[in-house]
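Commentary on secondary and tertiary structure
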Amino acid sequence: MAASRLFWRLEKVSAGKRFATHFTTPLDASRNTITVTAPQPPPKVLYNAKAIRSQRNLSIPKIHPRDMTVSSEDQFVGAIDQGTSSTRFLIFNLKTQQIVASKQIEITQNFPKEGWVEECPDEILESCLRCIDATASIFAELGLEPEQLKCIGITNQRETTIVWDPRTGKALHNAIVWCDSRASETVEKLIASAPGGKDALREKCGLPIAQYFSALKIRWLMDNYPDIADKLKNGDALVGTVDSWLVWKMTGQHVTDVTNASRTMLFNINTLSWDQELCDFFGIPLNCLPVSARLLRNTAHLPSRNTYGTGCFLLQNTGEKPVQSECGLLTTVAYQLGKDAPAHFALEGSIAAAGSVIRWLRDNLGLIKTSSDAEALASQVPDSGSFVFVPAFNGLFAPRWRPDARGTMTGITQFTTKQHIVYGALESCCFQTRDLFDAIAQESGSMPLSMLRVDGGMTSNKLLLQRQADLLQVPVERPQMSETTALGAALAAAVGSGFLNKDDISNLSPVERFDPVLGEKDAARRMHLWHCAVEKSLNSV
């Protein structure tokens, strides 16, 4: 998830400890920096009362004074972590990298048709504001002043797409989430018309033609809603990923960063700019896209990392030159440390269903009451036996790119229990990661991984991480402070705003290591069962 660099000012209001939040620095596109100007209030928030009422408060704990030492001399940095399943706002001590205050709220997901996944743009915005407000109150209770919070970064669900009317501030459609599969027919038509098939555009954008990326969602909206198509063509509507929506609602500036832009299929990763030929291929007007600034993302200095969130995303830093994948991975912009610095690139493997599988067990099957119950239930059995679960809810992403796959369970016997099913759901994340791990090892220009660093909400599950180490046959390392995505966004903002030198970025958190205990032959046998199950999931639609 990319980090956009923003600055905030928290002002006390007469009511006492409550803080009002305002963006104070619109982007100066001519310099690709953010300059301080007079504060302006955010545009009026649009409420979806039904969605807001359904939001869940989740379990990132408040940090109390007894847990740390803070002073009026300390500087702090913040991060909005707007993910697919939830929104967080966190404030870190810039020196110690310790979380001093945080709030998390779950996001409502809507499934209007099979394969469709939507979220309410107003709810996304409101969840951010509510998290900021709650966290600012905790910050004040610690005796800290608004001036000590120096800057805020954003990390967000990337390919999720929102179209809105800039005159009214209203979204013209629900956000189409990155894992949505409604554009499958559009994909087929475009692949059939493109010399080179699904990889026809890889040289420019680093991506295959797939429903995952923003351009396909925009094209679908234009094909199915003539009024949206007309507004985009006439300059009466704007489009962007979640970072763009949030920044526009809070500052009136239509901006994004190169890492988000590189996930649209409209961005040339060689020139680091929107590409007219790519826009023409999809029939999308270039002038509806946000200004792309050369900012920062939190993958800097990491040779490889796997983030376990709603989906799962394995990245390997490949340096200053993009490596075009031959094994089903994506070529993406990892980070750029300022407008005059070279961009760094990564090979990425994207898995559509990881944490969403656990949410499905909770919300659809009722096998668990909370996501944290999954580990306790799965721990009651030594493994999943012959049971294998392929969670291809909306097809399979990297490395296969098979939109025709659907969720499949194999190896069910009378011995199979709900414990085996939950274990198999967790193991499915590990199987898919092993497929990505193997794909990276086969890529020209990349190096096989001798260990795996992990982060994300699912990494609190020790059974998952031990099984991951077993199936990879290499150690897995988890930082004790697991919110490294948000920390990276906050540190990137600190570099961009001059409070931290880029060479001083480091992760101070000690790591917990999980070494393989499963034998190589047993791991190979499990992978064979997985690959057989995957074959059964194909050609389902």
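Preceding block: the structure.
Residues numbered from 1 in each chain as written. Predicted model: local features only at pLDDT ≥ 70, side-chain atom pairs only at ≥ 80, totals over all residues. Heavy atoms only, no water.

1. Re the pattern of salt bridges
Overall, the coordinates contain 27 salt bridges when judged by the stated rule. Note that R167 and D165 form a salt bridge whose closest N and O atoms lie 3.6 Å from each other. For R362, the salt bridge goes to D363, with nearest N and O atoms at 2.5 Å. Relative accessible area serves as the criterion here: at 11%, R362 is assigned to the buried category. Each of E106, R359, R362 and D363 takes part in one network of salt bridges that share partners. (Salt bridge = Lys/Arg side-chain N within 4 Å of Asp/Glu carboxyl O. Buried < 20%, exposed > 50% of the residue type's maximum accessible area, 1.4 Å probe, protein only.)

2. Re the packing of aromatic side chains
Using the criterion set out here, one finds 19 aromatic pairs in the structure. Centre to centre, the rings of F213 and W401 are 6.2 Å apart; their planes meet at 40 degrees, and the pair counts as tilted. Placement of the pair is F213 in the loop between α4 (202–205) and α5 (214–224) and W401 in the loop between β22 (388–390) and β23 (408–410), with a sequence separation of 188 residues. Each member of the pair, F213 as well as W401, carries the same accessibility label: buried. Look at W360 and F393: their rings are 5.2 Å apart centre to centre, the planes differ by 50 degrees, and that puts the pair in the tilted class. Linking W360 in helix α10 (residues 355–365) with F393 in the loop between β22 and β23, this pair joins segments that are 33 residues apart in sequence. Taking relative accessible area as the criterion, F393 reaches 28% and is therefore assigned partly exposed. Members of the aromatic cluster, each reached through a chain of ring pairs, are W178, Y212, F213, F313, F397 and W401. (Phe/Tyr/Trp six-rings, centres within 6.5 Å; stacked < 30°, edge-to-face > 60°. Helix = DSSP H or I, 4+ residues; strand = E, 2+ residues; numbered from the N terminus.)

3. Notes on empty space enclosed by the protein
Using a probe with the size of a water molecule, rolled over the atoms, empty space left in the structure can be pinpointed. Evaluation of the coordinates by the stated rule reveals 6 cavities of 30 Å³ or more. Around the second largest cavity, the lining is made up of 14 residues, and of these G240, T241, T264, W274 and P290 lie nearest the centre. Of all the elements in the fold, those that place two or more residues in the lining of the second largest cavity are α5, β13 (238–241) and α8 (258–261). Take the lining of the second largest cavity: its biggest share by element is 3 residues, from β13. Across the lining of the second largest cavity, the residue classes tally to 6 nonpolar, 8 polar and no charged. (1 Å grid on protein atoms, 1.4 Å probe; cavity = no way out; pocket = protein on both sides within 12 Å on 5 of 7 lines; lining within 4 Å. Points joined across faces, edges and corners; volume = space filled by probe spheres on them. Nonpolar A, V, L, I, M, F, W, Y, C, P; charged D, E, K, R; others polar.)

4. Notes on the pairing of strand β19 (residues 312–319)
Side-chain positions along a regular strand alternate between the two faces of the sheet. A large share of β19 lies buried, amounting to 7 of its 8 residues. Here strand β18 (residues 304–308) pairs with β19 via 5 bridges, running antiparallel. Of the residues in β19, the one forming a bridge with Y308 is C312. Linking two consecutive strands that pair antiparallel, namely β18 and β19, is a turn of 3 residues. (Pairing = 2+ DSSP bridges.)

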